[in-house]
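Per-entry structural report
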Amino acid sequence: MTTTPATAPTTNTATDTATGTGTASGRRTAPYGRHMSNVLVAAFTLSAGHTVYASVEGIEDPTFTVTTPLAWAFYVVGFGAAVLARRTGRAAQAAVLAYLTALLAISVFYYPTTFGPRQQTTFGWFENDVYVGLLVTATYLGVQRLRRTTLTPR
């Protein structure tokens, strides 16, 4: 319990990062892993939706289509990383962060070379920007988790 001058005492919430349950004041906090997993599911769902959209519209990258094994492998690994993000082990956390680092590098250095004028639809831009933003968000959550940082509301 901490007190501040001229105010009533306040209680900080102690958080069990493995279970995400708060104590003391009854407030609950959620672990980074669950949030990180949810962000990754959103990113890969959006990406898969865009892959289907590009196929229907005939604007897909010929090397990454709904019929290529590369696309299927990409999404299996991506959703697998979302599941792995929920694990509390440091090795799992480091593996997901390494994967996200590789995805961000691909998003910045390779993907723009395949994002030609045909792919630059409104949904294409939306998917690109939101997907990369979700990857950045998941990476931030992963770094904070690996550092064992706990955010506690006041």
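Thresholds, definitions, all that
Residues numbered from 1 in each chain as written. Predicted model: local features only at pLDDT ≥ 70, side-chain atom pairs only at ≥ 80, totals over all residues. Heavy atoms only, no water. Helix = DSSP H or I, 4+ residues; strand = E, 2+ residues; numbered from the N terminus. Buried < 20%, exposed > 50% of the residue type's maximum accessible area, 1.4 Å probe, protein only. Contact = heavy atoms within 4.5 Å. Core = buried A, V, L, I, M, F, W, Y, C linked by side-chain atoms within 4.5 Å. pLDDT = per-residue confidence, 0-100. Phe/Tyr/Trp six-rings, centres within 6.5 Å; stacked < 30°, edge-to-face > 60°. Axes fitted to C-alpha atoms, helices over the stretch in contact; angles between N-to-C directions. Parallel < 35°, antiparallel > 145°, perpendicular 65-115°, else oblique. Left-handed = near helix turned anticlockwise from the far one by under 90°.

1. Digging into the overall build of the chain
Within the chain one finds four helices and two strands. Counted from the first residue to the last, the chain has its helices and strands arranged as β-β-α-α-α-α. By residue count, 35% of the 154 residues in the chain fall in the buried class. Of the contacts formed within the chain by residues at least 6 apart in sequence, a portion of 65% connects residues at least 24 apart.

2. Quick look at the nonpolar core
Leu 40 and Phe 44 are the most contacted members of the largest nonpolar core, which has 21 residues in total. In terms of residue count, helix H1 (residues 32-57) provides more of this core than any other element does, six residues in total. Excluding anything up to four places from it in sequence, Leu 40 contacts Ala 81, Ala 82, Ala 85, Val 96, Leu 100, Leu 135 and Ala 138.

3. What about the confidence of the model for the chain?
Averaged over all residues, the pLDDT of the chain is 80; the fraction at 70 or higher stands at 79%. No element of the chain has a lower mean pLDDT than strand S1 (residues 15-16), which averages 44, and none a higher one than helix H2 (residues 69-84), which averages 94. Note that pLDDT drops below 50 for residues 1-24; the model gives that stretch 38 contacts with residues more than four away or on any other chain.

4. Some thoughts on the environment of Pro 117
Counting through the fold element by element, Pro 117 comes out in the loop between helix H3 (90-114) and helix H4 (122-146). Along the sequence, Pro 117 and Ile 59 sit 58 residues apart, while their C-alpha atoms lie 9.6 Å from each other.

5. Examining the packing of aromatic side chains
On inspection of all chains with the given rule, the structure shows five aromatic pairs. Here Phe 44 and Tyr 99 contribute two aromatic rings whose centre-to-centre distance is 6.5 Å and whose plane-to-plane angle is 35 degrees, an arrangement assigned as tilted. Taken together, the positions of Phe 44 in helix H1 and Tyr 99 in helix H3 put the pair 55 residues apart, joining distant regions of the chain. Note on accessibility: Phe 44 and Tyr 99 belong to one class, buried. Arranged with centres 6.2 Å apart and planes meeting at 70 degrees, the rings of Phe 44 and Tyr 131 form a pair that is edge-to-face. With a gap of 87 residues between them, Phe 44 in helix H1 and Tyr 131 in helix H4 connect regions that are remote in the sequence. Joined through ring pairs, the aromatic side chains of Phe 44, Phe 74, Tyr 75, Phe 79, Tyr 99 and Tyr 131 make up one cluster.

6. Quick look at the packing of H2 against H3
The N-to-C vectors of H2 and H3 enclose an angle of 140 degrees; their axes lie 10 Å apart at closest approach. Comparing the axis directions of H2 and H3 gives the class oblique. By crossing handedness, the relation of H2 to H3 is classed as left-handed. Across from Phe 74, Val 77, Gly 78, Ala 81 and Leu 84 in H2, the residues of H3 making contact are Ala 92, Ala 95, Val 96, Tyr 99 and Leu 103.

7. Quick notes on the packing of H3 against H4
Closest axis-to-axis distance for the H3/H4 pair is 10 Å, and the angle between their directions is 150 degrees. Between H3 and H4, the interaxial angle falls into the category roughly antiparallel. As H3 packs across H4, the resulting crossing turns out to be left-handed. Along its contact with H3, which presents Arg 90, Gln 93, Ala 94, Leu 97, Leu 100, Leu 103, Leu 104, Ser 107 and Tyr 111, the element H4 presents Glu 127, Asn 128, Tyr 131, Val 132, Leu 135, Val 136, Ala 138, Thr 139, Gly 142, Val 143, Arg 145 and Leu 146.

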